[in-house]
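Residues per chain, in single letters:
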Amino acid sequence: RPSRNSLPIGKLFLDGRGFSTVMFWVAFFMCLFMVYALSSWLTKLMAQAGYSLGSALTFVLVLNFGAIFGAIGGGWLADFALAAVSITLLGVKMPTEALFLVVGLAGASTIGTQILIYAYVGQYYPMAIRSTGIGFASGVGRSGAILAPIVIGTLVGMALPLEQNFIAIAIPAVIALIAVGLVNQSRSASAL
């Protein structure tokens, strides 16, 4: 029977990387929770807010278009703090043009951040376990993607005020921000 140290997943927890590995898993879970919550429920929530179905569908396009800028813009657009603020603002009544900007920022800071966090995890682990680190973080994150439509659907079914639905989607951004902030960068393969 192989020892824990010989299994690839066990190596994610060696050399002081265990806590950071769990923080990456939390960040992936929360980020994919936000991405799938918005992708699944943004149209319905905006329609409930009084926007036409055409406008509500356009919001999803803008969300995904914003992701392009988040991935290209790198660090300053792909940011969990910006995700928390922009998603929360989606529940605030504002002119449609301003709302399109906020939706774009939400896309940049959720989908765009998800794209960049793969690179961050890839740089964190040594080459020998890089694919294991990315694979497990992504796998744990998929649980957030599965759970998000169910949780937000339950909240929508409770007929909560619009802003409370968006706050529920924004809370994972704060948790992900804390998780990434707690990653021990001194244990990163790029720092060794």
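A brief structural summary.

Cut-offs applied
- All chains use their own residue numbering, which begins from 1 and follows the written sequence.
- For this predicted model, a pLDDT threshold of at least 70 governs which residues receive local features, and a threshold of 80 or more governs which side-chain atom pairs are given and counted, while totals over whole chains, interfaces and linings are taken from all residues.
- Each side-chain value is derived from all of the structure's non-hydrogen atoms; neither hydrogens nor water enter the calculation.
- To obtain each axis, a line is fitted to C-alpha atoms, and for helices this fit is confined to the stretch in contact; angles are then taken between N-to-C directions over 0 to 180 degrees.
- In this description a helix means any DSSP run of H or I spanning at least four residues, a strand means any run of E spanning at least two, and both kinds are numbered starting from the N terminus.
- Comment on the angle field: the value is read as roughly parallel under 35 degrees, roughly antiparallel over 145, roughly perpendicular from 65 to 115, and oblique elsewhere.
- Crossing handedness: left-handed means the near helix sits turned counterclockwise from the far one by under a right angle, and right-handed means the same turn made clockwise.
- Residues count as neighbours in contact if any of their non-hydrogen atoms are within 4.5 Å of one another.
- Any residue that is not Ala, Val, Leu, Ile, Met, Phe, Trp, Tyr, Cys, Pro, Asp, Glu, Lys or Arg is counted as polar, Gly included; the first ten are nonpolar and the last four charged.
- Think of a patch as exposed residues, more than 30% relative accessible area, with no salt bridge, where like charges cluster within 9 Å and nonpolar side chains (Val, Leu, Ile, Met, Phe, Trp, Tyr) cluster within 5 Å.
- Accessibility throughout is a Shrake-Rupley quantity obtained with a 1.4 Å probe, and a residue counts as covered only by protein chains that appear here.
- Criterion for a salt bridge: a side-chain nitrogen of Lys or Arg within 4 Å of a carboxyl oxygen of Asp or Glu.
- What a helix should span is 1.5 Å times the count of its residues minus one.
- To get the bend at a residue, fit one axis to the 7 residues ending there and another to the 7 starting there, then take the angle between the axes.
- Three exposure classes are used, based on accessible area relative to the maximum for each residue type with a 1.4 Å probe and protein chains only: buried under 20%, partly exposed in between, and exposed over 50%.

1. Topic: the packing of helix α2 (residues 18-48) against helix α3 (residues 53-73)
- α3 packs onto α2 with a crossing angle of 150° between their chain directions and a minimal axis gap of 8 Å. Classified by the angle between their axes, α2 and α3 sit roughly antiparallel to one another. In this structure, α2 meets α3 at a crossing whose hand is right-handed. On the side of α2, the interface is formed by Leu-38, Ser-39, Leu-42, Thr-43, Met-46 and Ala-47, while α3 contributes Leu-53, Ala-56, Leu-57, Phe-59, Val-60 and Leu-63.
- A breakdown of the residues in the contact of α2 with α3 according to their chemical character gives 10 nonpolar, two polar and no charged.

2. Regarding a nonpolar patch on the surface
- On the surface, Phe-19, Val-174, Ile-178 and Leu-182 cluster together into a nonpolar patch covering about 380 Å² of accessible area.
- Within the fold, Val-174 resides in helix α7 (residues 162-181).

3. Overview of helix α6 (residues 130-157)
- Here α6 contains 28 residues, and its C-alpha end-to-end distance of 41 Å stays within 8% of the 40 Å for a straight helix at 1.5 Å per residue.
- Its maximal kink placed at Leu-147, α6 deviates by approximately 35°, while the proline Pro-149 follows within four residues.
- Of the residues making up α6, those classed as buried are Thr-132, Gly-133, Ala-137, Ser-138, Gly-141, Gly-144, Ala-145, Ala-148, Ile-152, Leu-155 and Val-156.
- The inward-facing, buried residues of α6 contact α1 (8-11), α2, α5 (96-124) and α7.
- At the exit of α6 stands Ala-159, carrying a positive phi of roughly 55°.

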